[in-house]
Amino acid sequence: MLTLENIGKVSSSVHLPDYNPLDIKAGIVHFGVGNFFRAHEALYIDKILKAEPTWGIIGVGLTDSDHSRKKAAMFKAQDCLYSLTECAPGGARTVRVIAALRDYLLAAQDPQKVLEHLSHPDIRIVSMTITEGGYNINEVTGAFDLDNHAVRRDLQNPENPATIFGYVVAALRRRRDAGLKAFTIMSCDNLRHNGDVARKAFLGFAQAHDPELAEWIAHNATFPNAMVDRITPTVTPDCAQQLNTASGLEDDLPVVAEDFHQWVLEDSFADGRPDLAHAGVQFVKDVTDYEHVKIRMLNASHIMLSFPAILLGYAHVDQAVKDPALKQNVENFLNRDVIPTLKAPPGVDLQEYMQSVLSRFSNPAMADQTLRIASDGCAKIQVFWTETVRKLLLGNKDCSRMAFGMAAYLEMLRGVNALGQTYTTSEPAYAQVPEALIHSDDYAAGLKLPAFDAWRDLDSSVLDREVIELRKIIRSQGVLAALATLPA
Ligand code: CS2
């Protein structure tokens, strides 16, 4: 097993930390220790720990399930070590053991310990990857949703929180009362203006809890915006075994990612930060243009590709992007619907960016899952497509590719592909939504789903009619026939 004790015995081809993990102190608490975080922020931090050993990370898991308890036990058993395999499109691989994570807590098992860490003066950054839908912002009102059940519960029990908002705000109260500084709240999720969204969410909660505290937080905490990028597939048990066979490690928690990674960050930190530029972070005054390019091009075409790919029976993104009709559709979508309304950040050529995205999607070494991409499609459509749809509608532009994407999404939600095989999609936002909307024989019913809420204020009658027509064609003749009806 991969542990601190055994770390010296690994094969010489594996890169080991260039610092002693026992010397590391925690300066960051991170919520949501998923694969993306472990392949991204944790790697950047790993690269600076030798020079700055006070920036180790304490990971916190918020979901309490058998799976998360098992994961927490594995982290403990491995002294929070894990391996990251980075795969270049040409086949080259490197493996490194990351020791940036120095503890892992499941919040439900030890809520007070989480609060103690968050209230400790050594903790100066609280970062998070809690998914696009995790910020509890109502897409229609644009405000923090105080009706959410868990939020209401936390507002009534502020000292025994269960949501990230409850934990962070309770800790900030303790810090203020103890005369300590606030920390930086750093979102690493794929949202436009993720820092501003985080600010709205945490201040929205704090305001409802205690307006005076909310004001203190507004003046003392910071919420830098960031663009984060690295494709990090789900690691299935088979994949974990292959990774271990290749690395010679016995790692229960291996992660795999492409060789590309990028982090563009605003330099706005409440109480210092490590020298992340040394690890490759680009600090800029305003990340807006970087975020828009990444989200409206990469993430938006990831779902534009994966929804129909699932219907065609493609399990992996690299296979899907080799399908000429699917690839052409993504290129048309980017060239005609997205790029004309995007502003390129300095030094970025949007045509080159598109080619690099398509080449990253085709990296066979990772076999990124189409079902992973399609999961939580509701929140992803809201975040990745809204701006493009609104611009098309407002400009009276051709909406056919968008209609195709929406039709493919709605057909995909039904859980059966063109080969008659069934699969399960994950849509956490639909817990309250009547199943009937998804399974109705009325092709228009699905248009009422919250995925499409963010342009309800606009006249979308033409778009909606196209969605209905394309659904009919997908259902009767298949995805490729529907694609063939789009403008060449
Ligand atoms: C993907 C992202 O989940 C998704 O929809 O588009 O996870 C994507 O792989 C990352 O944002 C790449 O940085």
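The structure presented is a predicted model; accordingly, all values stated were derived computationally and were not measured.

Comments concerning the sheet that holds strand 11 (residues 262–266)
And then number 1: If you trace the three strands from one edge of the open sheet to the other, you get 9-11-12, paired in mixed fashion. The sheet is open, and its two edges are formed by strand 9 (226–229) and strand 12 (282–284), each paired on a single side. Adjacent strand axes in the sheet meet at a mean angle of 20 degrees, parallel and antiparallel pairs treated alike.
And then number 2: Along the sheet, helix 10 (residues 288–312) makes contact with strand 9, strand 11 and strand 12, crossing strand 9 at roughly 40 degrees.

As for the site of the ligand
And then number 1: Surveying the vicinity of the ligand reveals the residues Asn-190, Asp-229, Arg-230, Ile-231, Lys-294, Asn-299, His-302, Arg-372, Ile-373, Lys-380 and Phe-384.
And then number 2: Take Asn-190: an N or O atom from its side chain is 2.8 Å from an oxygen atom of the ligand.
And then number 3: With respect to the ligand, the side chain of Arg-372 contributes an N or O atom lying 3.0 Å from an oxygen atom.
And then number 4: Burial of the ligand by the protein amounts to 93% of the accessible area it has alone, namely 340 Å².
And then number 5: Ranked by the residues each element gives to the shell around the ligand, the list is headed by helix 10, at three residues.
And then number 6: Class assignment for the residues of the shell around the ligand results in three nonpolar, three polar and five charged.
And then number 7: Composition of the shell around the ligand by domain shows at least three residues from each of domain 1 (7–284) and domain 2 (288–484).

Some points on the layout of surface pockets
And then number 1: Estimated volume of the second largest pocket: approximately 230 Å³.
And then number 2: Here the lining of the second largest pocket takes three residues from helix 9 (residues 237–247), the largest share from any one element.
And then number 3: A class-by-class count of the residues in the lining of the second largest pocket yields eight nonpolar, five polar and one charged.
And then number 4: Each of domain 1 (7–284) and domain 2 (288–484) contributes no fewer than three residues to the lining of the second largest pocket.

So, the sheet that holds strand 1 (residues 14–15)
And then number 1: Taken together, the four strands give an open sheet; going across it, the order is 1-5-4-10, and neighbouring strands pair in mixed fashion. With partners counted over all chains shown, the strands left at the sheet margins are strand 1 and strand 10 (255–258), one partner each.
And then number 2: As paired strands, strand 1 and strand 5 (residues 93–98) are joined by two bridges and run parallel to one another. What sits directly across from Val-14, in strand 5, is Val-95.
And then number 3: Taken strand by strand, helix 2 (residues 41–48) contacts strand 4 (82–87) and strand 5, and its axis lies near 75 degrees from that of strand 5.

Observations concerning the environment of Leu-334
And then number 1: Summarising the element assignment, Leu-334 is placed in helix 12 (residues 324–338).
And then number 2: As a C-alpha pair, Leu-334 and Met-354 span 20 residues in sequence and 7.6 Å in three-dimensional space.

Focus: the packing of aromatic side chains
And then number 1: Scanning the model with the defined rule gives 10 aromatic pairs in all.
And then number 2: Where Phe-165 meets Phe-202, the ring centres are 5.2 Å apart and the plane angle is 55 degrees; that geometry is what we call tilted. Taken as a pair, Phe-165 in helix 6 (residues 164–177) and Phe-202 in helix 7 (residues 194–209) lie far apart in primary sequence, 37 residues in all. Across this residue pair, the class does not change: Phe-165 and Phe-202 are buried.
And then number 3: Measuring from ring centre to ring centre gives 6.1 Å for Tyr-409 and Phe-452, while their planes differ by 90 degrees; the resulting arrangement is edge-to-face. Note that Tyr-409 is positioned in helix 17 (residues 400–412) and Phe-452 in the loop between helix 18 (435–439) and helix 19 (461–477), a separation of 43 residues in sequence. Like Tyr-409, the residue Phe-452 is buried in the burial classification.
And then number 4: Taking the ring centre of Phe-269 as reference, the NZ or CZ of Arg-273 above it sits at 6.0 Å.
And then number 5: If you follow Arg-360 out to its NZ or CZ, it ends over the ring of Phe-260, 3.8 Å from the centre.

Considering the domain arrangement of the protein chain
And then number 1: Domain annotation of the protein chain identifies domain 1 (7–284) and domain 2 (288–484).
And then number 2: The centre of domain 1, based on its C-alpha atoms, is set 28 Å off from the matching centre of domain 2.
And then number 3: Tallying the contact residues gives 31 residues for domain 1 and 29 residues for domain 2.
And then number 4: Across the domain 1/domain 2 interface, buried area totals approximately 2500 Å², and carbon plus sulfur atoms make up 58% of it.

Re helix 8 (residues 211–220)
Residues three or four positions apart in an α-helix share a direction because the helix packs 3.6 residues into each turn.
And then number 1: Listed in full, the buried residues belonging to helix 8 are Leu-213, Ala-214, Trp-216 and Ile-217. End-on view of helix 8: buried residues confined to an arc of 160 degrees, all on one side of the axis. The exposed set on the far side of helix 8, more than 90 degrees from its buried face, consists of Glu-212, Glu-215 and His-219.
And then number 2: On the buried face of helix 8, the contacting elements are helix 6 and helix 7.
And then number 3: The backbone nitrogen of Glu-212 has a side-chain oxygen 3.0 Å away, supplied by the residue at the start of helix 8, namely Asp-210.

Some thoughts on the nonpolar core
And then number 1: In terms of nonpolar packing, the biggest core is built from 121 residues, with Phe-31, Trp-385 and Tyr-409 touching the most fellow members.
And then number 2: In terms of residue count, the dominant contributor to this core is helix 10 (12 residues).
And then number 3: For this core, the domains that each give at least three residues are domain 1 (7–284) and domain 2 (288–484).
And then number 4: The contacts of Phe-31, once residues within four sequence positions are left out, are Val-60, Leu-62, Val-114, Leu-118, Val-126, Ser-127, Met-128, Thr-129, Ile-130, Ile-164, Tyr-167 and Val-168.
And then number 5: In terms of nonpolar packing, the next biggest core, distinct from the first, is built from 47 residues, Phe-75, Ile-98, Leu-101 and Val-228 among them.

A few points about unusual backbone geometry
And then number 1: Positive phi, normally seen in glycine, also occurs at Asp-79, with a value near 50 degrees.
And then number 2: Tracing the backbone shows Asp-79 in the loop between helix 3 (66–77) and strand 4.

Regarding the environment of Leu-243
And then number 1: Residue placement: Leu-243 occurs in helix 9.
And then number 2: Taking C-alpha positions, Leu-243 is 30 Å from Met-297, a pair spaced 54 residues apart along the chain.
And then number 3: The residues contacting Leu-243, other than those within four sequence positions of it, are Thr-85, Arg-93, Val-235, Pro-254, Val-255 and Val-256.

Topic: the pairing of strand 6 (residues 101–106)
And then number 1: Taking burial as the measure, the six residues of strand 6 include six buried ones, the bulk of the element.
And then number 2: When strand 3 (residues 56–61) meets strand 6, the two strands line up parallel, connected through five bridges. Each bridged residue has a counterpart across the sheet, and for Ile-57 the counterpart in strand 6 is Leu-101.

How each quantity is defined
Residues numbered from 1 in each chain as written. Predicted model: local features only at pLDDT ≥ 70, side-chain atom pairs only at ≥ 80, totals over all residues. Heavy atoms only, no water. Pairing = 2+ DSSP bridges. Helix = DSSP H or I, 4+ residues; strand = E, 2+ residues; numbered from the N terminus. Axes fitted to C-alpha atoms, helices over the stretch in contact; angles between N-to-C directions. Contact = heavy atoms within 4.5 Å. Near = heavy atom within 4 Å. Polar contact = N/O pair within 3.5 Å; in protein donor to acceptor, adjacent residues only side chain to side chain. Areas by Shrake-Rupley, 256 points an atom, 1.4 Å probe, with all protein chains shown as cover. Nonpolar A, V, L, I, M, F, W, Y, C, P; charged D, E, K, R; others polar. Domains from an automatic or database assignment. 1 Å grid on protein atoms, 1.4 Å probe; cavity = no way out; pocket = protein on both sides within 12 Å on 5 of 7 lines; lining within 4 Å. Points joined across faces, edges and corners; volume = space filled by probe spheres on them. Phe/Tyr/Trp six-rings, centres within 6.5 Å; stacked < 30°, edge-to-face > 60°. Buried < 20%, exposed > 50% of the residue type's maximum accessible area, 1.4 Å probe, protein only. Lys NZ or Arg CZ within 6 Å of the ring centre and 35° of its normal. Buried area = accessible area lost by both parts, 1.4 Å probe. Arc of directions from axis to C-beta. Core = buried A, V, L, I, M, F, W, Y, C linked by side-chain atoms within 4.5 Å.

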